[in-house]
Amino acid sequence: MLSNNSNSVVVLDNGAGYIKAGIGGDRDPKIVVPNCIGKPSSSKKFLLPDQLQSHDDLTSVSIRRPFDRGYLINPDLQKEIWSHLFKSLLHINPNNSSLLLVEPLFNLSSIQRSIDELVFEDLGFRSLFVADSPSLVHLYEASRRPDGLISRAQCSLIVDCGFSFTHAAPVLQNFTINHGVKRLDLGGKALTNYLKELVSYRSINVMDETFLIDEVKEKLCFVSLDVDRDLQIARKTGKDNLFKCMYVLPDGITHTKGFIKDPNEAQRYHSLQDYSSTLLPGTNEEVGQLEISEKTEDRKKIDLTKNEFHLTNERFLVPEMLFRPADLGMNQAGLAECIVRAVNSCHPHLHPVLYESIILTGGSTLFPRFAERLKRELRSLVPDDYQVKITTQEDPILGVWRGGSLLASSPDFESMCVTKSEYEELGSARCRRRFFH
Amino acid sequence: MEHEEMSGGGGGGGGGGGSLRRTSGRNRKVASKMVAALASTDNRTQAALARLEALENDNAAAEAAIEVNYIEDDDDSFDDEEDDQVYAKRQSKNTKRKTRQAKALDAKKAPRTFMELLHEANLEALPPHIPSYLRAAVGPPSSTSRRHFCAVCGFTATYTCVRCGMRFCSCRCQVIHNDTRCQKFVA
């Protein structure tokens, strides 16, 4: 079953959350699997990522990830996942393929060394090219619109809001400007865990249900455009509360996947018009009273069924963390300020162009209204005579991989790689210098 | 009633429990102790840090039991040295049913956490013009004001718990907070 094509380039966007893997030149990766192994309560042993994905009972999965805080810490586990991936899922033979690997920014040299060992010594790839995600996203977006600003100015600001952290990275001439990169230590994982904690405290203990809450987050969370106003609405009762919705947990008998009880109910917040709705401040007290009586009622209802919980303000307070980490007690600036600082650390001539070519990538930018909120926050921080323009990627999860695929299919890709013999001769550190990271 | 609560606060600050409760005759002493506990804020900051740290956990701390099972009967390498797993390891040492595999696992070097690797990399020693992981951190926000949300229901919170510093918005939430969460997070 091994691929006969001896010149194949494997493009591997090895994220802490999801592995995106495929063959260079393709439009989409062949495989998108979580980068972890997990043991569901119904299983005796740990399952590999693809088995985990197809497993129908993902309740109480105990998870092990090769990544910690966005960086590879467990090469042995990664090796296990990779060898399975290449052999059984991609069907390639490393001995006659090259690897384009996407690494996080500012990877530690000790980690780079262990990755090189893994790639060349354990798996035996013919050659390796290491790229970072901002430059690949830039490459992809520039190639999509050859006459757009991004490709004409050859520069952009990539906001990569991933699983472990968020980077705002200026890119110039296809290279990430490292001294301009700013990092916010919040990503999808922290958001999921936060939601988990909130739900567990307020309704049902879901601390072990990472996959389930991941899905809840993806389906129900959104970014609020006006937190104060939305908090007021979330206090309301009955039909006036546009945010309240029920999520039904799997019971293992009739349904093995959780689902939203009433999808229409969950979508109601879209009807909310921007700022135009006026609230009568005088009615607040009354609303509070009503809420209490209904909440006790609700609690009874939930106690009876025991397998559903409702969400109200959690739906927007969870993604809100990205914009105001200080609310959580983190001593870090929010996303908008993060972007401003990244831009300010570049040459002043670049500022107007960078603000006009902000590109959002990474799974956590998929929250509805993310870009709108970000633009609003940026507008108040950016000088008036600069335009703020935010581009969202077609598919923020696959964006990096597609850039990698593009790069891998370029004619001089092979010449940019480090070959196995070079690695054997020069060692990891000297080979790495070629990638200018 | 009030005294009791205050002494409870002092006791909690010192890491103790109900045994430190005092009668009203020692009111003054208790109060000063509490003031000290509040001023140090050590417990509070620790708890806040622990909370933030928990956001990066893969498995909830309560899962230690499962990890123990895993160590005993599975055939794979050992995972990260997180607190719960250290705990799990210790537990597994105490249990009598220690298989050969488990012994082999103990011998095998456990992977280190990213923080350990970072410390080892000694990035502070780099000259200031070289960008690194540490210098890429965005840094503190320009405005120090933070919004406070009720720890119980999530709405804007106006009150602070005198014992643990968490926020709540109403009497009702205060009662729930005191019953369920107040100081219970301090390990």
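Calculation rules
Residues numbered from 1 in each chain as written. Chains lettered and ligands numbered in written order. Predicted model: local features only at pLDDT ≥ 70, side-chain atom pairs only at ≥ 80, totals over all residues. Heavy atoms only, no water. Helix = DSSP H or I, 4+ residues; strand = E, 2+ residues; numbered from the N terminus. Contact = heavy atoms within 4.5 Å. Buried area = accessible area lost by both parts, 1.4 Å probe. Salt bridge = Lys/Arg side-chain N within 4 Å of Asp/Glu carboxyl O. Disulfide = S-S within 2.5 Å. Axes fitted to C-alpha atoms, helices over the stretch in contact; angles between N-to-C directions. Parallel < 35°, antiparallel > 145°, perpendicular 65-115°, else oblique. Left-handed = near helix turned anticlockwise from the far one by under 90°. Nonpolar A, V, L, I, M, F, W, Y, C, P; charged D, E, K, R; others polar. Polar contact = N/O pair within 3.5 Å; in protein donor to acceptor, adjacent residues only side chain to side chain. Pairing = 2+ DSSP bridges. Core = buried A, V, L, I, M, F, W, Y, C linked by side-chain atoms within 4.5 Å. Buried < 20%, exposed > 50% of the residue type's maximum accessible area, 1.4 Å probe, protein only. Domains from an automatic or database assignment. Phe/Tyr/Trp six-rings, centres within 6.5 Å; stacked < 30°, edge-to-face > 60°. Lys NZ or Arg CZ within 6 Å of the ring centre and 35° of its normal. pLDDT = per-residue confidence, 0-100.

Peer 1: I keep staring at unusual backbone geometry and nothing clicks. Help me out?
Peer 2: With the exception of glycine, most residues fall at negative phi, and the peptide bonds are largely trans. Backbone geometry places arginine 69 of chain A, a non-glycine residue, at a positive phi of 50°. Here arginine 69 of chain A is to be found in the loop between β6 (67-68) and β7 (71-72). Phi is positive for asparagine 122 of chain B, close to 55°, though the residue is something other than glycine. Considering the arrangement of structural elements, one finds asparagine 122 of chain B in the loop between α7 (114-121) and α8 (133-136).

Peer 1: Mind showing me how you'd approach the interface of chain B and chain A here?
Peer 2: One frequently used descriptor of interface size is the decrease in accessible area upon assembly of the parts. Each partner contributes to the interface: chain B provides 55 residues, whereas chain A provides 63 residues. Carbon and sulfur atoms supply 51% of the area that chain B and chain A bury against each other, a total of about 5400 Å² over both sides. Looking only at chain B, the three residues that lose the most surface to chain A are Val138, Arg147 and Phe155 of chain B, adding up to 14% of its buried area. On the surface where chain B and chain A come into contact, there are six salt bridges.

Peer 1: What exactly am I supposed to notice about the state of the cysteines here?
Peer 2: A covalent bond bridging the sulfur atoms of two cysteines is what the word disulfide describes. All names here are of chain B. One pass over the structure, following the stated rule, counts zero disulfides over all chains. The closest cysteine sulfur to the non-disulfide-bonded cysteine 150 is located on cysteine 153, 3.7 Å from its own sulfur. Of the cysteine sulfurs around cysteine 171, a residue in no disulfide, the closest is that of cysteine 173, at 9.7 Å.

Peer 1: How should the packing of helix α8 (residues 227-235) of chain A against helix α11 (residues 314-323) of chain A be read in this particular structure?
Peer 2: Each pair of packed helices can be summarised by the angle the axes make with each other and by the distance between the axes. Residue and element names in this part refer to chain A. Direction vectors running N to C along α8 and α11 enclose 160°, while the axes themselves pass 10 Å from each other. The angle between α8 and α11 places the two elements in the roughly antiparallel class. Crossing handedness for the pair α8 and α11: left-handed. Residues Val227, Asp230, Leu231 and Ala234 of α8 lie in contact with α11, whose contacting residues are Phe316, Leu317 and Glu320. Taken together, the residues that form the contact of α8 with α11 break down as five nonpolar, no polar and two charged.

Peer 1: Which parts of the structure should I look at to understand the side chain of threonine 166 of chain A?
Peer 2: All names here are of chain A. When you line up the elements, threonine 166 lands in strand β11 (residues 166-172). Looking at threonine 166, its side chain comes within polar contact range of the main-chain oxygen of leucine 186, at 2.7 Å. Apart from the residues within four sequence positions on either side, threonine 166 is in contact with Val159, Asp160, Cys161, Lys182, Arg183, Leu184, Leu186, Leu322 and Leu335.

Peer 1: Explain the sheet that holds strand β9 (residues 127-132) of chain A to me, please; I cannot follow it from the model alone.
Peer 2: Adjacent strands of a sheet pair through backbone hydrogen bonds, lying either parallel or antiparallel. Residues and elements named next belong to chain A. Read across the sheet, six strands follow the order β3-β2-β1-β8-β9-β19 without closing on themselves; strand pairing throughout is mixed. At either margin of the open sheet sits one strand with a lone partner, and together these are β3 (31-34) and β19 (418-419). As paired strands, strand β1 (residues 9-14) and strand β8 (residues 98-103) are joined by five bridges and run parallel to one another. Looking across to β8, one finds that valine 10 is bridged to leucine 99.

Peer 1: Would you mind showing me how to read the nonpolar core here?
Peer 2: Nonpolar side chains in soluble globular proteins tend to end up buried together. Residue and element names in this part refer to chain A. Ranked by size, the top nonpolar core spans 70 residues in total, and within it Leu12, Trp82, Leu85, Phe86, Leu99 and Leu100 carry the most contacts. Each of domain 1 (9-133 + 398-435) and domain 2 (136-186 + 330-392) gives at least three residues to this core. Setting aside chain neighbours within four positions, we find leucine 85 in contact with Leu12, Ile19, Ala21, Ile31, Val33 and Leu90.

Peer 1: What is the right way to read helix α2 (residues 75-90) of chain A from this model?
Peer 2: Because an α-helix completes one turn every 3.6 residues, residues spaced three or four positions apart along the sequence face the same direction. When α2 of chain A is considered as a whole, its buried residues turn out to be Leu77, Gln78, Ile81, Trp82, His84, Leu85, Phe86 and Leu90 of chain A. Positive backbone phi, approximately 55°, marks histidine 91 of chain A, located one or two places after α2 of chain A.

Peer 1: Is there a simple way to explain the environment of leucine 99 of chain A in this structure?
Peer 2: Residue and element names in this part refer to chain A. Locating leucine 99 in the fold gives a position in strand β8. Once the C-alpha coordinates of leucine 99 and proline 170 are considered, the two residues, 71 residues apart in sequence, prove to be 25 Å apart. With sequence-adjacent residues up to four places away left out, leucine 99 is seen in contact with Val10, Leu12, Phe86, Val119, Phe125, Ser127, Leu128 and Phe129.

Peer 1: Help me out: how do you make sense of the sheet that holds strand β15 (residues 259-260) of chain A in this one?
Peer 2: Pairing is antiparallel across the open sheet formed by three strands, whose spatial order is β15-β14-β16 (chain A). Strands at the two margins of the open sheet, each flanked by one partner only, are β15 and β16 (308-311) of chain A.

Peer 1: Teacher, can you tell me more about the side chain of arginine 183 of chain A here?
Peer 2: When you line up the elements, arginine 183 of chain A lands in strand β13 (residues 182-184). For arginine 183 of chain A, a relative accessible area of 2% puts it in the buried group. Here the side chain of arginine 183 of chain A touches tyrosine 133 of chain B through a polar contact of 2.8 Å, landing on its backbone oxygen. Beyond its immediate sequence surroundings of up to four residues, arginine 183 of chain A is in contact with Phe165, Thr166, His167, Gln332 and Cys338 of chain A together with Tyr133, Ala136, Ala137 and Val138 of chain B.

Peer 1: What exactly am I supposed to notice about the domain arrangement of chain A here?
Peer 2: Residue and element names in this part refer to chain A. As assigned here, chain A comprises domain 1 (9-133 + 398-435), domain 2 (136-186 + 330-392) and domain 3 (188-328). Here domain 1 and domain 2 have C-alpha centroids that lie 26 Å from each other. Tallying the contact residues gives 22 residues for domain 1 and 15 residues for domain 2. Counting the surface lost from both domain 1 and domain 2, the interface buries some 1500 Å², and carbon and sulfur atoms represent 68% of this. At the boundary of domain 1 with domain 2, the tally comes to zero salt bridges. Counting across the domain 1 and domain 2 interface gives six residue pairs in polar contact (both at pLDDT 80 or more). Where the side of domain 1 that touches domain 2 is concerned, the elements lending two or more residues are β8, β9 and α15 (399-408). The greatest single-element share of the side of domain 1 that touches domain 2, amounting to seven residues, is contributed by α15.

Peer 1: How do you make sense of the packing of aromatic side chains when you look at a structure like this?
Peer 2: Where two aromatic rings form a pair, the distance of their centres and the angle of their planes describe that pair. Under the counting rule described, the total for this entry stands at 15 aromatic pairs over all chains. Arranged with centres 5.5 Å apart and planes meeting at 75°, the rings of tyrosine 71 of chain A and tyrosine 133 of chain B form a pair that is edge-to-face. Of this pair, tyrosine 71 of chain A sits in strand β7 while tyrosine 133 of chain B sits in helix α8, on two different chains. Looking at tyrosine 71 of chain A, the relative accessible area reads 0%, which means it is buried. Judged by relative accessible area, which is 5%, tyrosine 133 of chain B ranks as buried. Through a chain of ring-to-ring contacts, three or more aromatic side chains come together here, namely Tyr71 and Phe165 of chain A together with Phe114 and Tyr133 of chain B. Residue placement shows arginine 183 of chain A over the ring face of tyrosine 133 of chain B; its charged tip is 3.7 Å from the ring centre.

Peer 1: In this structure, what is going on with the confidence of the model for chain B? I would like to understand it.
Peer 2: Caution applies to low-pLDDT parts of the model: their predicted coordinates are not meant to be read in detail. All names here are of chain B. Predicted confidence across chain B gives a mean pLDDT of 66, with 48% of residues reaching 70 or more. Counting contacts from residues 1-30, a segment whose pLDDT is below 50, to residues more than four positions away or on other chains yields 24 contacts. A low-confidence stretch, residues 62-84 stays under pLDDT 50, and its non-local contacts, those more than four residues away or across chains, total 65 contacts.

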